[in-house]
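# A closer look at the structure
Listed below, chain by chain, are the residues.
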Amino acid sequence: MTACGSVFYKMSGSGNDFVVFDGRHQRPADWPPEEIAAVCDRRQGVGADGLVILTPAGPGRVRMDYWNCDGSPADMCGNAALCSTRLAVHLGLVPGPELVLETAAGAFLARCRPGPGEEAELNLPDFAVPETPPGLEAGPAESNPRVAVVGVPHLVLEVTDLERSDLMARGRTLRRDPALGPAGANVNFVAPANGPDSDWCLRTYERGVEAETLACGTGAVASAVALAALGRATLPVTIRTRSGRPLHITATLSDGYARNVWLAGEGRLVFCGVLQGPQSSS
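No experiment lies behind these values; they were computed from the predicted model shown. The residue count restarts for each chain, going from 1 along the sequence in the order it is written. Only residues with pLDDT of at least 70 are given local features in this predicted model, and only at 80 or more are side-chain atom pairs given and counted; all residues enter the totals for whole chains, interfaces and linings. Hydrogens and waters are ignored; side-chain quantities use all the structure's heavy atoms.

## Describing the pairing of strand β14 (residues 237-240)
Per-residue accessibility, obtained with a 1.4 Å probe over protein chains only, is compared with the maximum for each type, and a residue is labelled buried under 20%, exposed over 50%, and partly exposed between these values. A run of DSSP states H or I qualifies as a helix once it reaches four residues; a run of E qualifies as a strand once it reaches two. Both are numbered from the N-terminal end. Alternating positions in β14 separate into two faces, Val237 and Ile239 on one and Thr238 and Arg240 on the other, with burial throughout. Here strand β12 (residues 200-206) pairs with β14 via 2 bridges, running parallel. Bridging from a neighbouring strand, Trp200 pairs with Ile239 of β14. At least two bridges found by DSSP between two strands are what make those strands a pair. In this structure, β14 lies alongside strand β15 (residues 246-254), joined through 4 bridges in antiparallel fashion. For Ile239, the partnering residue across the bridge sits in β15 and is Leu247. Once β14 ends, the chain turns through 5 residues before running back antiparallel as β15, passing Gly244 with a positive phi of about 95°.

Structure, rendered in structure tokens:
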């Protein structure tokens, strides 16, 4: 494996975790899907929801290449982008706390939030307000299905009980619902929060991970905008993720689009390490 002996950084964005490499020492072309899946394996690898390579892309610009833990590429991941912003500054890939982050879903402004915490914020591209997917039927105790593309496609449903035992099984089914097209979508279940410090709570079944993740940044954005468009919430919205950590979403709804969209949340460096040997038998 070409990455043997390579330094990696384990990052957490509200519990959505990633293995990240410095693109000055790793090339995306050197990473076949099976090797990505092996490194992300939680028993025989480092363990992560996805793998990221950060590469300088010009003055004040950094490229984020992202893959799901099954080795499939994804155009965008909000929590990976928050982590990438913090790490790019930490590694000196840019001279200051602000940068332009390039992704397959577009380039946007990103910056470290000031203060003692480990938060970053992203100015995401405008996107169409979530719409009802034709042909998709909400199940019992589900309402207001909406679909939006926030870098990647998201289905949002409001539910009465986020703790029901079959919720992730339902997510697994909906993820491939024909109404969502051949690529499917991430499935986000939202419900009102009980505490005073959060507006809504979120659980997400992520495609490519094919399981629940502890947070989903772009899913939180899709959910917040869907709820605001329905009159169920008022922007800005705080979303409490499954990890218990908050994501903050600001946007303006105008002419059928969400504009001036900002996502803020954790981008924490957990530890760094070195890959010591082949991660797969290929």
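## Some remarks on helix α3 (residues 167-174)
What α3 keeps buried is the set Leu167, Met168, Gly171 and Leu174. End-on, the buried residues of α3 take up no more than an arc of 115°, which puts them together on one face. Contact criterion: two residues are considered in contact whenever any of their non-hydrogen atoms come within 4.5 Å of each other. Where α3 is buried, its residues touch β10 (152-159), β11 (186-192), β12 and β13 (211-213). As used here, the arc belongs to the directions running from the helix axis to the C-beta atoms.

## Focus: the nonpolar core
Nonpolar cores were defined as sets of buried Ala, Val, Leu, Ile, Met, Phe, Trp, Tyr and Cys residues, with membership established by side-chain atoms within 4.5 Å. Within the largest apolar cluster, 53 residues are counted, with the highest numbers of intra-cluster contacts made by Leu54, Met64, Leu122, Leu124 and Ile249. Broken down by element, this core gets its largest block of residues, 8 residues, from helix α4 (residues 217-229). Apart from the residues within four sequence positions on either side, Met64 is in contact with Val52, Ile53, Leu54, Met76, Cys77, Ala80, Ala81, Ser84, Leu101, Glu102 and Thr103.

## Observations concerning helix α1 (residues 33-40)
Among the residues making up α1, those that are buried are Glu35, Ile36, Ala38, Val39 and Cys40. Elements that come into contact with the buried residues of α1 comprise β2 (16-22), β3 (50-58) and β4 (61-68).

## As for the pattern of salt bridges
In what follows, salt bridge is the name for a side-chain nitrogen of Lys or Arg lying within 4 Å of a carboxyl oxygen of Asp or Glu. Within this structure, the stated rule accounts for 23 salt bridges. Notably, a salt bridge pairs Arg175 with Glu210, separated by 3.1 Å at the nearest N-O pair. Separated by 35 residues along the polypeptide, Arg175 in the loop between α3 and β11 and Glu210 in the loop between β12 and β13 bring together distant segments of the chain. Among the residues examined, Arg175 registers a relative accessible area of 10% and is labelled buried. The residue Arg245 makes a salt bridge to Glu266 at a minimum N-O spacing of 3.0 Å. Here Glu266 lies in strand β16 (residues 257-266) and Arg245 lies in the loop between β14 and β15, a separation of 21 residues in the sequence.

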